[in-house]
Amino acid sequence: MKLLPSSATPFYTKTAMVLVSLLALGYLAVLGKELLSPIIFAMLFSILLLPMVKYFESRLKFRRSAAAGIAVVILILCIGLILYIVASQITGLAGDWPQFKLQLASTMQSFQQWISVKFRVNTVKQMAYVNTATSGLLSASTTFIGATVLSLSGILLFLVFTMINTFFLLLYRRHIVKFLVTVIKDEHESIVYDVIAEIQFIIRKYILGLLLEMAIVTIVLCIVFELIGIKYGFLLGIITGLFNIIPYIGIFTALLFSLLVTFATAAATSKIVLVLVTVVVMHLIDSNVLLPIIVGSKVKINGQITLLGVVVGEMMWGIPGMFLSIPVIAVLKIIFDRIETMKPWGQLLGDEKDEHVLVPLNIPAQNNEIENISTSEEMILNKKPSE
């Protein structure tokens with residue numbers, strides 16, 4: 001059977017092929033979660049650590065392997081410090097679990113009496129329903145805690161693979177760039193360097209901006225919670241700051257957790273309201289002031305795609321997928337904007353304010369043998385993509 005030329009392919013045929021390709025890629029991504037997730041995190045970490053590695057190599061004259069190893073060790077120490085602080089706080093919170101059960105039972109009893117007075121519902125039936133629901137909730141919570149403890153080994157294994165991949169990406173980065181340039185046709189070499197430079201610039205700016213934003217939100221919330229007198233205020237501030245980097249969904253999850261912990265520690269109603277107001281006001285300030293100033297408008301993705309990406313990322317990869325959704329979409333948009341046939345998809349991912357023509361970096365094309373890949377890497381690191 002003779003196929004029609006691409007220009008004569010009907011629209012519905014193209015749409016069907018696109019949908020089938022998306023489903024196939026999504027299915028493969030779900031199957032390859034254990035392999036792809038550490039690699040993508042390693043790519044983000046390697047982009048973040050690359051200036052440090054270059055400093056060790058150029059200024060301190062370290063070998064590439066030593067520079068990459070030291071940078072990864074520094075990253076491990078930073079992550080380990082954060083995990084230690086959170087774990088120490090969670091250990092104290094676990095000790096208040098009996099108090100949480102008592103508080104829940106007391107609240108349910110008061111609520112039952114209110115229903116009995118207002119709606120004249122049989123107290124015995126209410127008690128049977130409440131006992132069933134409470135026992136189910138407590139058993140489910142116990143199962144969840146046990147599953148969380150068992151999953152710690154999986155988390156540690158994930159971190160180990162991520163750090164190993166980060167080291168090898170930093171070690172063989174020039175080899176990877178050489179491969180990417182080699183597989184692309186000669187006339188597109190400058191576009192390859194342009195895309196690599198823009199991805200490094202935008203992703204690094206985005207990650208550093210998020211880290212600074214997370215630190216500011218965490219410090220402010222920890223101080224406010226301590227001034228209010230909230231028990232485990234330090235833990236709630238850290239968790240809210242960490243979850244705040246997940247668009248839309250993260251802040252509501254952190255707010256629910258903060259309210260539950262405050263309620264479980266037998267705090268007054270006024271303190272629960274103060275926690276609610278504090279988190280909401282901090283989120284409004286962060287969204288309207290901190291995020292535009294610190295992170296800026298480099299990652300130009302519209303809100304609908306952002307929300308959809310977070311939801312799809314959670315469905316495919318869970319919490320790691322929620323964290324990775326925005327950087328992955330940003331990288332895809334950069335690539336789509338540089339390919340003529342994919343520009344409509346880049347416009348779909350982008351914001352209405354980002355409707356301009358991209359200007360190449362004017363990076364000189366390298367020769368076919370790519371004799372000096374280190375010089376090309378320096379250009380990629382030092383050049384900033386055009387706005």
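Please read these numbers as outputs of a predicted model, since none were measured by experiment.

J.: Sorry if this is basic, but what is going on with the overall build of the chain here?
T.: When you go through the chain residue by residue, the secondary structure sums to 14 helices and zero strands. For the chain, the α and β elements follow one another from N to C terminus as α-α-α-α-α-α-α-α-α-α-α-α-α-α. The burial tally for the chain puts 35% of its 387 residues in the buried class. Taking the intrachain contacts of the chain between residues at least 6 apart in sequence as the baseline, contacts between residues at least 24 apart amount to 71%.

J.: Quick question: what am I supposed to make of the packing of helix H2 (residues 33-58) against helix H7 (residues 189-228) here?
T.: Between H2 and H7, whose axes approach to 9 Å, the crossing angle comes to 90 degrees. With respect to their mutual orientation, H2 and H7 come out roughly perpendicular. Here Leu44, Ile47, Leu48, Leu50 and Pro51 of H2 lie close against H7, whose contacting residues are Ile199, Gln200, Ile203, Arg204, Ile207, Leu208 and Leu211. Along the lines of polarity and charge, the residues of the contact of H2 with H7 split into 10 nonpolar, one polar and one charged.

J.: Just to check I follow, could you spell out the nonpolar core for this structure?
T.: The tendency in soluble globular proteins is for nonpolar side chains to be buried side by side. Counting residues in hydrophobic clusters, the biggest one holds 28 residues, and the most contacted among them are Ile199, Ile203 and Ile301. Within the residue set of this core, elements represented by two or more residues are H2, H7, helix H11 (303-317) and helix H12 (319-338). When residues of this core are assigned to their parent elements, the largest contribution, nine residues, is made by H7. Apart from the residues lying within four places of it in its own chain, the contact partners of Ile199 are Ile47, Arg204, Val331, Ile334 and Ile335. Listed in part, the 20 residues of the second largest apolar core include Tyr232, Leu236, Ile239 and Leu255.

J.: Which parts of the structure should I look at to understand the confidence of the model for the chain?
T.: Close inspection of predicted coordinates is inappropriate in any region flagged by low pLDDT. Confidence in the prediction of the chain, expressed as mean pLDDT, is 77, and 76% of residues score 70 or more. The least confident element of the chain, judged by mean pLDDT, is helix H14 (residues 373-382) at 52; the most confident is H2 at 91. Counting contacts from residues 137-150, a segment whose pLDDT is below 50, to residues more than four positions away or on other chains yields four contacts. Across residues 356-373, where pLDDT falls below 50, the model places 35 contacts with residues more than four positions away in sequence or in other chains.

J.: Quick question: what am I supposed to make of the packing of H2 against H12 here?
T.: Packed helix pairs are specified by the crossing angle of their axes together with the interaxial distance, meaning the distance between the axes. In contact at an axis separation of 11 Å, H2 and H12 are set at 50 degrees when each is read in the N-to-C sense. Classified by the angle their axes make, H2 and H12 are oblique. Seen along the crossing, H2 lies across H12 with a hand that is left-handed. Only Pro320, Phe323, Leu324, Pro327 and Val328 of H12 make contact with H2, whose side of the interface consists of Ser37, Ile40, Phe41 and Leu44. Across the contact of H2 with H12, the residue classes break down as eight nonpolar, one polar and no charged.

J.: Help me understand the side chain of Arg173, please; the structure alone is not making it clear to me.
T.: Mapped onto the elements of the fold, Arg173 is located in helix H6 (residues 173-183). Arg173 gets classed as buried once you look at its relative accessible area, which sits at 8%. Side chain to side chain, Arg173 and Glu57 meet in a polar contact 2.8 Å long. There is a polar contact of 2.6 Å between the side chain of Arg173 and the backbone oxygen of Leu170.

J.: Even after reading the chapter, I still don't get the packing of aromatic side chains, so can you show me in this structure?
T.: To describe a pair of aromatic rings, you give the distance between the ring centres and the angle between the ring planes. In this structure the tally under the stated criterion is six aromatic pairs. An angle of 40 degrees between the planes, with centres 5.8 Å apart, marks the rings of Phe56 and Phe62 as tilted. Through successive ring pairs, a cluster of aromatic residues spans Phe41, Phe45 and Phe158.

J.: Got a minute to help me understand a nonpolar patch on the surface in this structure?
T.: Among the surface-exposed residues, Val160, Ile164, Phe168, Tyr172, Ile176, Phe179, Leu180, Val183 and Ile184 lie close enough to one another that they form a single nonpolar patch of about 760 Å² accessible area. Among the secondary structure elements, those contributing two or more residues to the nonpolar patch are helix H5 (123-171) and H6. No other element matches the four residues that H6 contributes to the nonpolar patch. Checked against the element boundaries, Tyr172 lands in the loop between H5 and H6. Residue class for Tyr172 comes out partly exposed when judged on its relative accessible area of 42%.

Rules of the game
Residues numbered from 1 in each chain as written. Predicted model: local features only at pLDDT ≥ 70, side-chain atom pairs only at ≥ 80, totals over all residues. Heavy atoms only, no water. Helix = DSSP H or I, 4+ residues; strand = E, 2+ residues; numbered from the N terminus. Buried < 20%, exposed > 50% of the residue type's maximum accessible area, 1.4 Å probe, protein only. Contact = heavy atoms within 4.5 Å. Axes fitted to C-alpha atoms, helices over the stretch in contact; angles between N-to-C directions. Parallel < 35°, antiparallel > 145°, perpendicular 65-115°, else oblique. Nonpolar A, V, L, I, M, F, W, Y, C, P; charged D, E, K, R; others polar. Core = buried A, V, L, I, M, F, W, Y, C linked by side-chain atoms within 4.5 Å. pLDDT = per-residue confidence, 0-100. Left-handed = near helix turned anticlockwise from the far one by under 90°. Polar contact = N/O pair within 3.5 Å; in protein donor to acceptor, adjacent residues only side chain to side chain. Phe/Tyr/Trp six-rings, centres within 6.5 Å; stacked < 30°, edge-to-face > 60°. Patch = residues over 30% accessible without salt bridge, like charges linked within 9 Å, V, L, I, M, F, W, Y side chains within 5 Å. Areas by Shrake-Rupley, 256 points an atom, 1.4 Å probe, with all protein chains shown as cover. Salt bridge = Lys/Arg side-chain N within 4 Å of Asp/Glu carboxyl O.

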